[in-house]
Amino acid sequence: MKILAVCGFGVGSSMILKMTIQKALKDLEVEAEVVNTDLSDAGSYGADAIFTSPDFVGDLEKRVKNARLYPVKKYSDKEEIKGQLKKMLEDMDND
Amino acid sequence: MTNVKKEHMQIIDSAEDYEKAIEIAAQPLLDDGYITKDYIQQMFDTIEKFGTYIVLADKFALPHARPSEAVKKTGLSLLVVKEAVDLKDNPVNLFIVLAAKDSTTHQDTLASLAEFLMEPKNIDDVINADSVDQIKTIIDERWN
């Protein structure tokens, strides 16, 4: 499974988001690859799920076809991210 | 790259708005030639364009912009504002300005900052510190 952490430029915030996702995955004992990038590149990764700011969800829906998008308000809030990861796993089970 | 240099840390009581706070936070980087004045404007523009996701945790923001000519050297500066500043409906007491010359050199530093931020107590301890020396000690112990 490949998860994408997306922010505006792919240099600062998305790196923090990636680290928090990795930590949350470890707590949930789920294996996944996490990559961070910026808005413009998000479509080129073929990710299974995209984690990003609520502000970017609309933009990413247009850029990435059939993307599963999970908004995160605070990029270093592990509990918020755990909640979204659980939702993602449920969504995948329901396919 | 190490974490924040002591000379790049400041504590103030209040700031009139978040733009003023970011300007003050970035001043040591400007004075030491890490950034030009353009970078400060670029950080404001980023907030206008992309919103408030730079508020990465409660009370904490990481103002930054894209790597550009306005960054001469990769660096970080830190500002504690004792009275929370409103950043578009998010109260913020701790600002860490990131100036990145490229998209790679600061990655290890950010990875360890991420670990530091995941523990809310770390942020509170920095905000409640009485001096820059205390902040430096907290950061050196827990963010490395």
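Everything below is about the structure printed above this text.
Residues numbered from 1 in each chain as written. Chains lettered and ligands numbered in written order. Predicted model: local features only at pLDDT ≥ 70, side-chain atom pairs only at ≥ 80, totals over all residues. Heavy atoms only, no water.

Draft legend 1. Main features of the overall build of chain B. If you tally the helices and strands in chain B, you get five helices and four strands. Along chain B, helices and strands appear, N-terminal first, in the series β-α-α-β-β-β-α-α-α. Taken against the 2.2 N^0.38 rule, which gives 15 Å for 144 residues, the C-alpha radius of gyration of chain B at 14 Å falls within 12% of a compact globule. With the C-alpha coordinates aligned to their principal axes, the bounding extent of chain B is approximately 35 × 30 × 25 Å. Looking at chain B as a whole, 55% of its 144 residues are labelled buried. Carbon and sulfur atoms make up 44% of the accessible area of chain B, which totals about 6400 Å². Averaging the locations of the 15 positively and 26 negatively charged side chains of chain B gives two centres separated by 5 Å. (Helix = DSSP H or I, 4+ residues; strand = E, 2+ residues; numbered from the N terminus. Rg over C-alpha atoms; globule rule 2.2 N^0.38 Å. Buried < 20%, exposed > 50% of the residue type's maximum accessible area, 1.4 Å probe, protein only. Areas by Shrake-Rupley, 256 points an atom, 1.4 Å probe, with all protein chains shown as cover. Lys, Arg positive; Asp, Glu negative; His and termini not counted. Charge placed at Lys NZ, Arg CZ, Asp CG, Glu CD.)

Draft legend 2. Highlighting the packing of helix α4 (residues 120-128) of chain B against helix α5 (residues 132-142) of chain B. Residues and elements named next belong to chain B. It is at 9 Å that the axes of α4 and α5 come closest, and there the two elements cross at 160 degrees. Here α4 is positioned roughly antiparallel relative to α5, judged by the angle of their axes. Between α4 and α5 lies a crossing of left-handed hand. Within the contact between the two elements, α4 uses Lys121, Asn122, Asp125 and Val126 and α5 uses Ile135, Ile138, Ile139 and Arg142. (Axes fitted to C-alpha atoms, helices over the stretch in contact; angles between N-to-C directions. Parallel < 35°, antiparallel > 145°, perpendicular 65-115°, else oblique. Left-handed = near helix turned anticlockwise from the far one by under 90°. Contact = heavy atoms within 4.5 Å.)

Draft legend 3. Focus on the nonpolar core. If you look at the biggest cluster of nonpolar residues, it comprises 91 residues, and the most contacted ones within it are Ile21 and Phe51 of chain A together with Phe95 of chain B. Excluding anything up to four places from it in sequence, Phe51 of chain A contacts Ile3, Leu4, Ala5, Val6, Leu17, Ile21, Tyr70, Val72, Ile81, Gln84, Leu85 and Met88 of chain A. (Core = buried A, V, L, I, M, F, W, Y, C linked by side-chain atoms within 4.5 Å.)

Draft legend 4. How the structure looks around the pairing of strand β3 (residues 75-87) of chain B. Residue and element names in this part refer to chain B. Note that strand β1 (residues 9-12) and β3 share four bridges and pair parallel. Its bridge partner being in β3, Gln10 is matched across the sheet by Leu79. Bridging between β3 and strand β4 (residues 90-99) involves nine bridges; their strand directions are antiparallel. The residue of β4 that forms the bridge with Leu79 is Phe95. (Pairing = 2+ DSSP bridges.)

Draft legend 5. Highlighting the packing of aromatic side chains. For the structure on display, the rule yields seven aromatic pairs over all chains. Grouping aromatic residues by their ring pairs yields a cluster made of Phe9, Phe56 and Tyr75 of chain A together with Phe50 and Tyr53 of chain B. (Phe/Tyr/Trp six-rings, centres within 6.5 Å; stacked < 30°, edge-to-face > 60°.)

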